[in-house]
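Single-letter residue listing:
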Amino acid sequence: LFQTELFFIGTVKYSVVASVMAGYDTLEIGILLSVHTKFQGFGYGQKLMQKIENVLADIDCCKLYMAVLIANEAVLGLYSNLTYTTDDVVSLGKS
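**Q** Before we move on, could you go through the packing of aromatic side chains and cite the residues and values that matter?
**A** Summed over the entire model, instances satisfying the criterion amount to two aromatic pairs. Ring plane angle 85 degrees and centroid distance 6.1 Å describe the contact between Phe 39 and Tyr 44, whose orientation is recorded as edge-to-face. On the basis of relative accessible area, Phe 39 is assigned to the partly exposed category, the value being 24%. The exposure class assigned to Tyr 44 is partly exposed, which follows from its relative accessible area of 25%.

The structure is reproduced here in structure tokens:
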């Protein structure tokens, strides 16, 4: 179920350069943030994350999570700057 109230975009001159969306089901929340490579490092990701965090706080969401590849140091740095910490969990996948 797509929740339009949990979807935001960042634009430059009418072009979408970043987006964030969340899925919330009262038990957990998943967040997907994307910033075009040419626009990374300019604060778009930080601003969109702050926006989605504020909206989620307004609906009493108390735990946020996302998956980040361990080798993606730039993204891990962004989330660290936003005061996210790593959780002691194991991510499982199947292909």
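**Q** Describe the sheet that holds strand S2 (residues 15-24), listing the residues and the values that go with them.
**A** The strand order across the open sheet formed by three strands is S1-S2-S3, and the pairing between neighbours is antiparallel. Only two strands of the sheet have a single partner each, and these edge strands are strand S1 (7-12) and strand S3 (29-35). Each strand axis lies, on average, 10 degrees off the axis of its neighbour in the sheet, ignoring direction. In terms of strand pairing, S1 meets S2 through six bridges, oriented antiparallel. Bridge pairing links Phe 8 to Val 20 in S2.

Calculation notes
- Residues numbered from 1 in each chain as written.
- Predicted model: local features only at pLDDT ≥ 70, side-chain atom pairs only at ≥ 80, totals over all residues.
- Heavy atoms only, no water.
- Phe/Tyr/Trp six-rings, centres within 6.5 Å; stacked < 30°, edge-to-face > 60°.
- Buried < 20%, exposed > 50% of the residue type's maximum accessible area, 1.4 Å probe, protein only.
- Pairing = 2+ DSSP bridges.
- Helix = DSSP H or I, 4+ residues; strand = E, 2+ residues; numbered from the N terminus.
- Axes fitted to C-alpha atoms, helices over the stretch in contact; angles between N-to-C directions.

All quantities given are derived from atomic positions and should not be read as evidence of function.
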